[in-house]
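So the chains spell out like this:
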Amino acid sequence: MCSSCNGDAAPAANGQSNGIIVNGPTNGTANGTANGANDHTPHNPRQMPFSLPSDYLSNVSNFKIIESTLREGEQFANAFFDTETKIRIAKALDDFGVEYIELTSPASSEQSRLDCKRICSLGLKAKILTHVRCNMQDAKIAVETGVDGLDIVIGTSPQLMQHSHGKSVDYIRETALEVVQFVKSKGLEVRFSSEDSFRSDLVDLLNIYSAVDKIGVNRVGIADTIGVANPRQVYELIRTLRGCVRADIETHFHNDTGCAIANAYCALEAGATHVDTSVLGIGERNGITPLGGFVARMLVANRDYVRGKYDLTKLKAIEDLVADAVEVNIPFNNPVTGFCAFTHKAGIHAKAIIANPTTYEIINPADFGMTRYVHFTSRLTGWNAIKSRVNQLGLEMTDSQIKQCTTRIKAMADIRKLAIEDTDAIIHTFYENLYLGHGDEKPLLENVTPEERKKFAQKEAELSREPQSKELDEVVEHQTDLLATNGIDSSNGVKTLNGEVATVT
Ligand SMILES: CC(=O)SCCNC(=O)CCNC(=O)[C@H](O)C(C)(C)COP(=O)(O)OP(=O)(O)OC[C@H]1O[C@@H](n2cnc3c(N)ncnc32)[C@H](O)[C@@H]1OP(=O)(O)O
Ligand SMILES: O=C(O)CCC(=O)C(=O)O
């Protein structure tokens, strides 16, 4: 595993290694510059001119998660979950607060059946489901495991009807009725779902769904098995179905074209009630709606509702657990837990974030127990970010000194990539040089190659030719104060950045 990607060597939860923490939960208001850090109210209609009027169909504030890491996730190419790992994942999901945990069909293998029984015996708060083909043999095995419910599935698209199981629509409907009746007779929850719903004939779908709805199926399911659907198509299909059945509507979206979270959200807007997720989105091919990205999306829609239902601070640990189990790295751009998900780099962003984090953040990292960083060690940085760092380092400089120090940092960052230690060294040395006699200044950075040293000397020469009289005046003024405060005779003058002596009058 790539430790730098996962942040193993990094200083804080998210593992960002080249930024400063700004008002994060770890050190709170360490730099004392941020304000209004917890004012994350993105859905305040007055702040969001493009908010839709509230929609009577929408369930964005009334949904349940069917967590399928232990079913769909087991279909991920790299997944092998032994019993203990399944138990750890199930418990972690339960602690997080998901409403349902879906398990692999007990008809798949003897160990799958035993694991299903074992997880059912854990006494978790979440309801335990298992996922079976639409046939009586599988259903009979499943109802004996102790699960709370069965998710029944069968393909309804022409492709799957021809090449997967070879059954007709009439056969599917009749078998579905038989299996649903059987599961209900055992007092268990039952869902009937079509596979490949978006390539299925709408009339076929409604025909089958209406039939199972009439006999009291708990949920009907829409599945974008091949990841072909877009949000608008999802909205249309779910809205249509919502008008035809009384049952709850479960949805399952594959991520082949990157629409899985958006499709899940749109499904809820159109009246769906349940969303299937897996941790990190693992599943067949490139997987399904990821738990973390989905809850982030929903948090932005209704923060209180989502925070009330789920312990979001557990997300990172669950993702780490599953990433380890299936031997993958958490992607750098993963919503919420990607190592740079809350890192702000460009100077314009950094300045505003330091002033108020809601300027460039729709999610408060603290909601997930994560930390915000301001990156200050690149050519894109600005003096506000450097000022923040100077404060964190406990140094006192005037704004104009900080601006000149920033110029040096940017010049050096033009020559090579800087680490935090490099930029800190530049700041420290710059600061020390302010108090040294002319000609005694230390080089701003020691660990440079001769080539880099040459280039930086050229930059220095260019910089020292730039007019800086205004800044100079400010430096002189502030240094006088500083020296006076420290009881130092200012008549020797103070060093400016260019190594010239500014006489204090
Ligand atoms: C889109 C999804 O992810 S659906 C869920 C996928 N999950 C799984 O496949 C669970 C793991 N699967 C397995 O362990 C095995 O495939 C089993 C035990 C289910 C079946 O194994 P086998 O009997 O050896 O069949 P195989 O896997 O080769 O082929 C699938 C069989 O299921 C049938 N089938 C496929 N889908 C369905 C369905 N939804 N309902 C009923 N039967 C189905 C096929 O017709 C085929 O049976 P056949 O060979 O008699 O024609
Ligand atoms: O059971 C379902 O609804 C979905 C099954 C599935 O994994 C899929 O269709 O991709």
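Conventions and cut-offs
Residues numbered from 1 in each chain as written. Chains lettered and ligands numbered in written order. Predicted model: local features only at pLDDT ≥ 70, side-chain atom pairs only at ≥ 80, totals over all residues. Heavy atoms only, no water. Helix = DSSP H or I, 4+ residues; strand = E, 2+ residues; numbered from the N terminus. Buried < 20%, exposed > 50% of the residue type's maximum accessible area, 1.4 Å probe, protein only. Contact = heavy atoms within 4.5 Å. Areas by Shrake-Rupley, 256 points an atom, 1.4 Å probe, with all protein chains shown as cover. Phe/Tyr/Trp six-rings, centres within 6.5 Å; stacked < 30°, edge-to-face > 60°. Lys NZ or Arg CZ within 6 Å of the ring centre and 35° of its normal. UniProt positions renumbered as here; feature names shortened; annotations may be inferred. Core = buried A, V, L, I, M, F, W, Y, C linked by side-chain atoms within 4.5 Å. Axes fitted to C-alpha atoms, helices over the stretch in contact; angles between N-to-C directions. Left-handed = near helix turned anticlockwise from the far one by under 90°. Nonpolar A, V, L, I, M, F, W, Y, C, P; charged D, E, K, R; others polar. Salt bridge = Lys/Arg side-chain N within 4 Å of Asp/Glu carboxyl O. Arc of directions from axis to C-beta. Near = heavy atom within 4 Å. Polar contact = N/O pair within 3.5 Å; in protein donor to acceptor, adjacent residues only side chain to side chain. Pairing = 2+ DSSP bridges. Right-handed = clockwise from strand over helix to strand, strands pointing away.

Caption draft 1: Focus on the overall build of the chain. Helix and strand counts for the chain come out as 18 helices and 13 strands. Within the chain, the fraction of its 505 residues that count as buried is 54%. Contacts in the chain between residues far apart in sequence, at least 24 positions, make up 73% of those at least 6 positions apart. Summed over all atoms, the accessible surface of the chain reaches about 22300 Å², with 50% contributed by carbon and sulfur.

Caption draft 2: Structural detail: the packing of aromatic side chains. Per the stated rule, a full pass over the model turns up seven aromatic pairs. Judged by centre distance (5.4 Å) and plane angle (75 degrees), the ring pair of Phe63 and Phe294 falls under edge-to-face. Note that Phe63 is positioned in the loop between strand S1 (19-21) and strand S2 (64-67) and Phe294 in helix H10 (residues 291-301), a separation of 231 residues in sequence. Residue classification places Phe63 among the buried positions, given a relative accessible area of 1%. With a centroid separation of 6.5 Å and 35 degrees between ring planes, the pair formed by Phe63 and Tyr310 is classed as tilted. Placement of Phe63 in the loop between S1 and S2 and of Tyr310 in the loop between helix H11 (303-309) and helix H12 (315-325) is noted, with a sequence separation of 247 residues between them. Using a relative accessible area of 3% as the deciding quantity, one classes Tyr310 as buried. The aromatic ring of Phe63 is capped on one face by Lys309, whose charged end is 4.7 Å from the ring centroid. Here the guanidinium or amino end of Lys403 rests over the ring plane of Trp383, the centre of that ring lying 4.5 Å away.

Caption draft 3: Structural view of the UniProt feature "domain: Pyruvate carboxyltransferase" (unreviewed entry) in the chain. In the numbering used here, UniProt assigns the "domain: Pyruvate carboxyltransferase" (unreviewed entry) feature to residues 63-316. Counting secondary structure, residues 63-316 comes out at 44% helix and 18% strand; the distance between its end C-alpha atoms is 22 Å.

Caption draft 4: Spotlight on the nonpolar core. Grouped together as the largest cluster of nonpolar side chains are 100 residues, with contacts concentrated most on Ile101, Leu150 and Phe192. Setting aside its immediate chain neighbours within four residues, Leu150 contacts Leu129, Thr130, Val132, Ala139, Ala142, Val143, Val183, Leu188, Glu189, Val190 and Arg191. Ile20, Met397, Met412 and Phe456 belong to the second-largest nonpolar core, a separate cluster that totals 29 residues.

Caption draft 5: Broad picture of the packing of helix H7 (residues 202-214) against helix H8 (residues 231-242). Relative orientation of the contacting elements H7 and H8 amounts to 35 degrees, with a least axis distance of 11 Å. The two elements H7 and H8 meet at a crossing, and its hand is right-handed. Every residue of H8 that contacts H7 at Leu202, Leu205, Leu206 and Tyr209 is listed here: Leu237, Thr240 and Leu241. Tallied by class, the residues present in the contact of H7 with H8 amount to six nonpolar, one polar and no charged.

Caption draft 6: Structural context of the environment of Arg71. The topology assignment puts Arg71 in the loop between S2 and helix H2 (83-96). A sequence separation of 212 residues divides Arg71 from Gly283, and the C-alpha atoms of the two residues are 8.2 Å apart. Every residue in contact with Arg71, bar those within four places of it in the chain, is listed here: Glu102, Leu103, Thr104, His131 and His252.

Caption draft 7: Representation of the pattern of salt bridges in the model. In the structure shown here, the tally under the stated rule is 33 salt bridges. A salt bridge links Lys127 to Glu189; the shortest N-O distance between them is 2.6 Å. Highlighted residues: Lys127 in strand S4 (residues 127-133) and Glu189 in strand S6 (residues 189-195), separated in sequence by 62 residues. In this structure Lys127 comes out as partly exposed when scored by relative accessible area, which is 35%. Put simply, Arg191 and Glu250 hold a salt bridge, and the shortest N to O gap is 3.0 Å. Here Arg191, found in strand S6, pairs with Glu250, found in strand S8 (residues 248-253); they are 59 residues apart in sequence, far enough to count as distant.

Caption draft 8: Representation of helix H4 (residues 136-143) in the model. Residues of H4 that are buried: Met136, Asp138, Ala139, Ala142 and Val143. All buried residues of H4 lie within an arc of 160 degrees about the axis, which places them on one face of the element.

Caption draft 9: Region of the structure containing the site of ligand 2. Neighbouring residues of ligand 2: Arg71, Glu72, His131, Val153, Arg191, Ser193, Glu195, Ala223, Thr225, His252 and His254. In the environment of ligand 2, an oxygen atom lies 2.6 Å from a nitrogen or oxygen atom belonging to the side chain of His131. Arg191 has a polar side-chain atom sitting 2.7 Å from an oxygen atom of ligand 2. Across the complex, the protein chains shield 94% of the 290 Å² of accessible surface that ligand 2 would expose by itself. Element by element, the count of residues in the shell around ligand 2 is highest for S6, at three residues.

Caption draft 10: Inspection of the pairing of S6 at higher detail. Across the seven residues that make up S6, a large majority, six, are buried. Both strand S5 (residues 149-155) and S6 contribute to a ladder of seven bridges, which runs parallel. In the sheet register, Gly149 faces S6, and the bridge partner there is Glu189. Looking at chain direction, S6 and strand S7 (residues 219-224) are connected through four bridges and run parallel. Looking at S7, one finds that Ser194 is bridged to Ile222. Considered for its hand, the β-α-β crossover made up of S6, H7 and S7 is right-handed.

Caption draft 11: The sheet that holds strand S10 (residues 343-344), seen in detail. Ordered in space as S1-S11-S10, the three strands form an open sheet in which the pairing is mixed. For this open sheet the edge positions go to S1 and S10, each flanked by a neighbour on one side alone.

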